[in-house]
Amino acid sequence: QVQLVESGGGLVRPGGSLRLSCAASGSTFGIYTMGWYRQAPGKQRELVATITSGSAVNTDYADSVERRFTIYRDNAKNTVYLQMNSLKPEDTAVYYCNALRRVMGVRSDYWGQGTQVTVSS
């Protein structure tokens, strides 16, 4: 099992910045992608950004956050970060960390408990 613990959410004014952290623990061997998703009230959960593990780092962003958000990782700490700049009210949502793991051909999907981000003046 993999445990994911998010932190860093909060209330910020439009145009401000926040950094989210997601620390993975437990059976982290075999994790090949980690990412951030978000869910606003009344809406479906959507992809924000993903980052692959391993020596070749590949990132992917939702169009709505590209050039404002940056996902990066610290392998030594098993932690993934989401730096969010130029925040907008429409970025308000619960942000969830996700990890995809494959061991001996079996794929598993893990989620954190979520952290609230509110962008408001």
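Owing to the predicted nature of the structure, the values given are computational and were not obtained by experimental measurement. (Residues numbered from 1 in each chain as written. Predicted model: local features only at pLDDT ≥ 70, side-chain atom pairs only at ≥ 80, totals over all residues. Heavy atoms only, no water.)

Observations concerning the environment of Asn85
Within the fold, Asn85 resides in the loop between β8 (79-84) and β9 (93-103). A residue is classified by how much of its surface remains accessible, and Asn85, at 29% relative accessible area, is partly exposed. Linking Asn85 and Asp109, residues 24 residues apart in sequence, is a C-alpha distance of 28 Å. Not counting chain neighbours up to four residues away, the residues in contact with Asn85 comprise Gly16, Ser17, Arg68 and Phe69. Among the polar contacts made by the side chain of Asn85, one reaches the side chain of Ser17 at a distance of 2.9 Å. (Helix = DSSP H or I, 4+ residues; strand = E, 2+ residues; numbered from the N terminus. Buried < 20%, exposed > 50% of the residue type's maximum accessible area, 1.4 Å probe, protein only. Contact = heavy atoms within 4.5 Å. Polar contact = N/O pair within 3.5 Å; in protein donor to acceptor, adjacent residues only side chain to side chain.)

Some points on the pairing of strand β1 (residues 2-7)
The two faces of β1 differ: Val2, Leu4 and Glu6 on one face are buried, but Gln3, Val5 and Ser7 on the other face are not. In this structure, β1 lies alongside strand β3 (residues 18-26), joined through six bridges in antiparallel fashion. From the neighbouring strand, Val5 faces β3, where its bridge partner is Ala23. (Pairing = 2+ DSSP bridges.)

Geometric values such as these leave the question of function open.
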